[in-house]
Amino acid sequence: MIRLLENIKRKLSPPRISPAARIEMEKDRQGLAATDPGPDAVIEACAGWLCAAQDHSASADGGVARHYSLTKGWATSYPETTGYIIPTIIELARRRGSADLHARARRMLDWCVAIQFPEGGFQGGLVDSLPRVPVTFNTGQILMGLAAGADQYNDPRYMEAMHSAAAWLRDSLDPDGCWRKHPTPFAAPGEKAYETHVAWGLFEADRLAPGKGYGSAGLRQVDWAIGKQQANGWFASNCLSDPDRPLTHTIGYVLRGVIEGHLFSGRADLLAAAVRTADSLVDRIDGDGYLAGRLDRNFKPAVDFVCLTGSVQIAHCLFLLYRLTGNANYLAAGKRATRYVRRTISIDGPVETRGGVKGSFPVNGDYGRWEYLNWAAKFCIDANLLELDLTSQPD
């Protein structure tokens, strides 16, 4: 009822928006672009946008601006997503042999190290958000960047920060495998199945530094999350705000963490759990690549907007499962989803939006309304890189 009243109020009293936001909204109402710019062009454009987001962050600290808003401009830096943007920038730097991208990754890493709490955790929210308290999820995402930096650059500062974050996560895990001690103040309270994406950070730390119990702690969390999975692959307790209708963003998080648990452990039951979820998702990606941004417990669409972040995260997961199982349906569905998202991205125009990936399509949808999100660009690059790798290989 509350949601219904809010929707009625929004329709009767539409908020004032900037001319740029209105223009983008009207453009989106016309539908997708007629042509797909292709993976290579989108990777290039999204990488350029992430560089611009680092350069134009309102906090000017080496981190990456959370978003560019069509109504408010560039935001301050976002520690959580800067953390997992780092591996993407390092991968692009390797592939291109780019000293500039390596330098950018180092600036991100140095900033993350500088803002780490003494006990090992990292704050939630933007860098200037209050309250400033250590949060499980954000720490796990930054841990991925620290592990990638420690591996790439052999800098003892990154290795020390990695161990500090991983030990903090390992030691704060409850006996049943759920993290409850350090929730974010910026999402709805409650247990979160999608913290399998935190477990992934522990797997990366364990690969660099085995024997510390990091990976086994991560697997305990994944096992706990599997207990939230229904027979059709849907996960309860799996959203930032509305667990009865989770975002595809958090569905993508939980699925990726389960896949990474399988890749780390080799356990067939984790692969089977990932397949259960993937099979239901494939059926919801239509011929144009449309996937509703929220899905109910029967994987039925619960909204009419697309969460572009979730679409590319799920596509990436489907590509990984194609590589693991050989099931061509996963490759085809993933390609439909990435093609849809690519058709929403402008590869020319002003630096603020060129290569940016919106929170929602249309841009006034309920996820990241009016915003181009840094993590959406990151996940778009990741999915398109893997798509290129898979499709350039002979069958």
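Bear in mind that the values here come from a model prediction, so they are computed numbers and not experimental data.

Enquirer: Explain the packing of helix α11 (residues 268–282) against helix α13 (residues 328–342) to me, please; I cannot follow it from the model alone.
Expert: Geometry of a packed helix pair, given as the angle between the helix axes and the separation of the axes. Their axes nearest at 10 Å, the elements α11 and α13 cross at an angle of 55°. When the axis of α11 is compared with that of α13, the two are oblique. Crossing of α11 over α13 shows left-handed handedness. On α13, the residues that touch V275, A278, D279 and V282 of α11 are N329, Y330, A333 and R336. Across the contact of α11 with α13, the residue classes break down as five nonpolar, one polar and two charged.

Enquirer: Is there a simple way to explain the side chain of T344 in this structure?
Expert: Looking at the element boundaries, T344 is found in the loop between α13 and β6 (360–361). A distance of 2.7 Å separates a polar atom in the side chain of T344 from the backbone oxygen of V341. With residues up to four places along the chain from it excluded, the contact list for T344 reads L32, L308, K358 and F361.

Enquirer: Before we go on, may I ask you to explain the confidence of the model for the chain in this structure?
Expert: Detailed reading of predicted coordinates is not advised where the pLDDT is low. Per-residue confidence for the chain averages 96 on the pLDDT scale, and 95% of its residues sit at or above 70. Here helix α1 (residues 2–12) stands out as the element of the chain with the lowest mean pLDDT, 49, in contrast to helix α12 (residues 308–325), whose mean of 99 is the highest. Every residue in residues 1–5 is under pLDDT 50, and counting partners more than four places away or in other chains gives two contacts.

Enquirer: Would you take a moment to explain the packing of α12 against helix α14 (residues 374–391) for this structure?
Expert: As a packed pair, α12 and α14 sit with axes 8 Å apart at the nearest point and diverge in direction by 30°. Looking at the two axes, α12 sits roughly parallel to α14. Handedness of the crossing formed by α12 with α14: left-handed. Between α12, through T309, V312, Q313, H316, F319, L320, Y322 and R323, and α14, the contact on the second element is made entirely by W375, A376, F379, C380, D382, A383, L386, E387 and L390. The residue makeup of the contact of α12 with α14, split by class, is 11 nonpolar, three polar and three charged.

Enquirer: I would appreciate a short explanation of the pattern of salt bridges in the present structure.
Expert: For side chains of opposite charge, pairing can occur when their charged atoms come near one another. Under the definition given, this model contains 30 salt bridges. For R29, the salt bridge is made with E26, and the minimal N-O distance between the two is 3.0 Å. One end of the pair, R29, and the other, E26, are both in helix α2 (residues 19–29), three residues apart, so they sit about a helical turn from each other. Its relative accessible area of 53% is what places R29 among the exposed residues. A relative accessible area of 34% means that E26 is categorised as partly exposed. Residues D155 and R157 are paired through a salt bridge, measuring 2.9 Å at the closest nitrogen-oxygen approach.

Enquirer: Could you clarify how one ought to interpret the side chain of S311 in this entry?
Expert: Along the polypeptide, S311 turns up in helix α12. In this structure S311 comes out as buried when scored by relative accessible area, which is 1%.

Enquirer: Whenever I open this one, the sheet that holds strand β7 (residues 371–373) confuses me. Can you help?
Expert: Within a sheet, each strand pairs with its neighbour through backbone hydrogen bonds, oriented either parallel or antiparallel. Taking strand neighbours across the sheet as the criterion, the three strands line up as β2-β1-β7 in an open arrangement whose pairing is antiparallel. Each edge of the sheet is formed by a strand with only one pairing partner; in this case those strands are β2 (73–74) and β7. Looking at chain direction, strand β1 (residues 67–69) and β7 are connected through three bridges and run antiparallel. Along β7, the bridge assignment pairs H67 with L373.

How each quantity is defined
- Residues numbered from 1 in each chain as written.
- Predicted model: local features only at pLDDT ≥ 70, side-chain atom pairs only at ≥ 80, totals over all residues.
- Heavy atoms only, no water.
- Axes fitted to C-alpha atoms, helices over the stretch in contact; angles between N-to-C directions.
- Helix = DSSP H or I, 4+ residues; strand = E, 2+ residues; numbered from the N terminus.
- Parallel < 35°, antiparallel > 145°, perpendicular 65-115°, else oblique.
- Left-handed = near helix turned anticlockwise from the far one by under 90°.
- Contact = heavy atoms within 4.5 Å.
- Nonpolar A, V, L, I, M, F, W, Y, C, P; charged D, E, K, R; others polar.
- Polar contact = N/O pair within 3.5 Å; in protein donor to acceptor, adjacent residues only side chain to side chain.
- pLDDT = per-residue confidence, 0-100.
- Salt bridge = Lys/Arg side-chain N within 4 Å of Asp/Glu carboxyl O.
- Buried < 20%, exposed > 50% of the residue type's maximum accessible area, 1.4 Å probe, protein only.
- Pairing = 2+ DSSP bridges.

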